[in-house]
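Architecture and fold: a report
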Amino acid sequence: MKPGFHLGKRHGTGDDDHDHDREEVDCYASGVEDWNKGLHIGAIFIVLVVAGLGVFLPVLGHFVPQLHMPRTMLTLGKHLGTGVIIATALIHMLPGGYESLNDPCIGSRMGDFSGWPGTLAIIAIFAMHLIEFVLSNHAMGKHAHSHGLPEGLAEHHHDIEGGAALVENDSTQTASLGGGAGHVHMDDGLDKQQENCDAVAVHTHHNHVHGASFLNDDMTAERHKISTYILEFGICLHSVIIGLTLSVATGAGFKTLLIAICFHQFCEGLALGSRLAEVQHRKHAFLRAVLSATLFMLVTPIGMVIGIGVRYSYAPSSPASLITMGVLDSLSAGILLYSGLVNLLAEEFGTLEFRGYRTSKKVACFAATFIGAGIMALIGKWA
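Residues numbered from 1 in each chain as written. Predicted model: local features only at pLDDT ≥ 70, side-chain atom pairs only at ≥ 80, totals over all residues. Heavy atoms only, no water.

Another aspect to go through is helix α3 (residues 71-101). Taking 1.5 Å per residue, 31 residues should reach 45 Å; α3 reaches 43 Å between its end C-alpha atoms and fits that length. Most pronounced at threonine 88, the bend in α3 amounts to some 35°. (Helix = DSSP H or I, 4+ residues; strand = E, 2+ residues; numbered from the N terminus. Expected span 1.5 Å × (residues − 1). Bend = angle between axes of the 7 residues up to and from the residue.)

Structure follows, in structure tokens:
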């Protein structure tokens with residue numbers, strides 16, 4: 001999020017010591033002028049309500065029968081959120097990181113390297129990919145073990161929708177699957193058997209063939225859960241920055257920034273809420289979705305409370321503040337970019353369910369994604 005103000009920062013063009021000293025002093029200027037207590041405190045509750053409305057609409061619409069929302073509406077809201085997340089990363093977070101980390105007040109503290117924001121975003125992308133891989137791999141092994149499948153089976157499981165293949169070879173048996181049908185070949189001369197399932201697993205000790213399509217379902221749900229929480233982490237990280245920025249903004253720009261941030265939080269809430277509503281838990285699914293939604297609803301107001309508490313000592317143009325904000329912006333951009341492109345755009349548009357939609361519904365989903373990105377691009381003019 002780009003800071004909406006630069007308090008007292010004036011960069012001289014001369015080379016004399018007087019101009020240099022003035023620039024150093026102004027970089028450390030602190031305090032907020034013309035701060036309206038009533039307006040800023042009221043803004044906390046406005047953002048709280050708007051963010052809560054956005055995130056709880058899809059959650060309650062999914063779990064509460066009386067508030068049931070048509071599945072098509074939830075689907076379009078999910079795809080709208082995909083565009084919102086990607087645009088937030090590229091238009092709101094990453095430019096803010098470049099602005100902060102390349103600020104003259106930082107001087108040579110970052111090694112005179114202008115590419116730090118992009119570098120930090122890449123680090124975040126690789127870190128999220130590694131974390132998701134490790135967690136998914138661990139969950140896959142856990143599920144395979146809990147269902148009594150052979151040890152190491154999960155490592156050979158490939159989730160390819162419409163033609164999944166699972167091979168487990170013990171020198172005497174081979175299982176293969178293609179085009180939705182599996183052909184099991186036994187070296188002892190048994191006839192070929194055809195199984196119509198997503199995947200097959202050969203138990204090497206008992207010569208039994210077991211359908212393993214449940215592993216597909218379990219792992220899809222587990223990956224969805226992991227990716228959703230990674231997305232929420234990235235959103236909450238930059239929402240703190242948004243709250244801090246808003247709470248120390250003043251003047252006419254404050255109202256404009258407040259309106260922009262309200263739209264921003266509502267759209268992000270829809271994006272996150274749509275994902276939370278689809279996360280599958282064995283127990284207390286509704287309670288967990290509500291807790292996650294509540295966290296999102298509270299995190300921006302918490303950032304605003306922090307900003308109000310430090311408004312007299314906060315120096316937005318100090319090197320420490322600029323580096324902190326720039327690093328958080330850049331890391332958040334990387335997390336949201338990874339989540340938006342890998343777990344939302346590529347995954348949601350590549351499922352068999354999506355490919356089975358009517359053409360009109362597919363067009364609507366693409367349009368919702370473009371509209372979400374367009375809205376956030378427009379909001380980027382003010383926030």
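After that view, the rundown keeps rolling.
So, about helix α2 (residues 37-63). Between its first and last C-alpha atoms α2 spans 39 Å; for 27 residues at 1.5 Å apiece the expected length is 39 Å, and the two agree. Where α2 bends most, the angle comes to about 40°, and this point is phenylalanine 56, followed within four residues by the proline proline 58. Those residues of α2 not exposed but buried are His40, Ala43, Ile44, Val47, Ala51, Gly52, Gly54, Val55, Phe56, Pro58, Val59 and Gly61. (Buried < 20%, exposed > 50% of the residue type's maximum accessible area, 1.4 Å probe, protein only.)

The subject of this paragraph is the nonpolar core. For soluble globular proteins, the rule of thumb is that nonpolar side chains tend to be buried together. By size, the foremost hydrophobic cluster in this structure holds 23 residues, and its most contacted members are Ile85, Leu231, Ile235 and Leu336. Contributions of two or more residues to this core are made by α2, α3, α5 (213-247), α6 (252-278), α7 (285-309) and α8 (319-348). For this core, the leading source of residues is α7, giving 5 residues. Residues within four places of leucine 231 in sequence aside, it is in contact with Ile85, Leu272, Arg275, Leu336, Ser339 and Leu344. (Core = buried A, V, L, I, M, F, W, Y, C linked by side-chain atoms within 4.5 Å. Contact = heavy atoms within 4.5 Å.)

A word on the packing of α3 against α6. The contact between α3 and α6 brings their axes to 8 Å, and the two run at 125°. In terms of axis orientation, α3 runs oblique to α6. Handedness of the α3/α6 crossing: left-handed. Contact with α3, carried on its side by Leu74, Gly77, Lys78, Leu80, Gly81, Val84, Ile85, Thr88 and His92, involves His264, Cys267, Glu268, Leu270, Ala271, Ser274 and Glu278 of α6 and no other residues of that element. Considering only residue class, the contact of α3 with α6 consists of 7 nonpolar, 6 polar and 3 charged. (Axes fitted to C-alpha atoms, helices over the stretch in contact; angles between N-to-C directions. Parallel < 35°, antiparallel > 145°, perpendicular 65-115°, else oblique. Left-handed = near helix turned anticlockwise from the far one by under 90°. Nonpolar A, V, L, I, M, F, W, Y, C, P; charged D, E, K, R; others polar.)

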